[in-house]
Amino acid sequence: MSGSAKHDVRIVDFDLQFACPANQSLLRGMERVAARAIPVGCRNGGCGVCKIEVLSGSYEKGRMSRACVSAEEEENGVALACKVFPQGDLTVRVLGKMGRKLAPAHTPAAR
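Student: For the environment of Gly48, give the residues involved together with the corresponding values.
Tutor: Relative to the elements of secondary structure, Gly48 occurs in the loop between α1 (26-34) and β3 (51-56). Separated by 17 residues in the primary sequence, Gly48 and Ser65 place their C-alpha atoms 8.2 Å from one another.

Student: Outline unusual backbone geometry, listing residues and values.
Tutor: Residue Arg43 is not a glycine yet carries a positive backbone phi of 60 degrees. Here Arg43 shows up in the loop between α1 and β3. Note on Arg43: relative accessible area 38%, which makes it partly exposed.

Student: Can you lay out the pattern of salt bridges for me, pointing to particular residues and giving the numbers?
Tutor: Evaluation of the coordinates by the stated rule reveals 7 salt bridges. Salt-bridge contacts for Glu73 lead to Lys51; the nearest nitrogen and oxygen are separated by 3.0 Å. With Glu73 in helix α2 (residues 71-75) and Lys51 in strand β3, this residue pair connects regions lying 22 residues apart in the sequence. Here Glu73 falls in the partly exposed class, since its relative accessible area comes to 27%. The exposure class of Lys51 is buried, given its relative accessible area of 16%.

Reading guide: rules and limits
- Residues numbered from 1 in each chain as written.
- Predicted model: local features only at pLDDT ≥ 70, side-chain atom pairs only at ≥ 80, totals over all residues.
- Heavy atoms only, no water.
- Helix = DSSP H or I, 4+ residues; strand = E, 2+ residues; numbered from the N terminus.
- Buried < 20%, exposed > 50% of the residue type's maximum accessible area, 1.4 Å probe, protein only.
- Salt bridge = Lys/Arg side-chain N within 4 Å of Asp/Glu carboxyl O.

Rendered as structure tokens:
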């Protein structure tokens with residue numbers, strides 16, 4: 001998980017798009033562009049607050065609690081944003097508790 005190349009990340013259902021460096025987790029990128037709109041839990045892959053589904057794109061992921069993401073879910077692109085690092089452009093859907101807080105009104109005007 002190295003490098004500073006930035007990749008475009010699109011969050012469907014919220015019309016939110018932002019650039020995220022390969023060495024930064026999606027959660028950090030979301031926090032940066034949506035300010036305090038995103039609830040944050042442990043930031044360590046153990047609480048499940050930031051659960052997402054990666055619909056397309058390449059990424060590396062860190063270790064996540066099986067209580068939050070099952071092996072079957074992981075095989076189907078489900079992960080925790082705090083443990084996902086983009087390696088290319090990504091399209092994701094928010095599944096966890098943060099989806100209830102993130103709203104289109106928080107879409108940034110500029111990237």
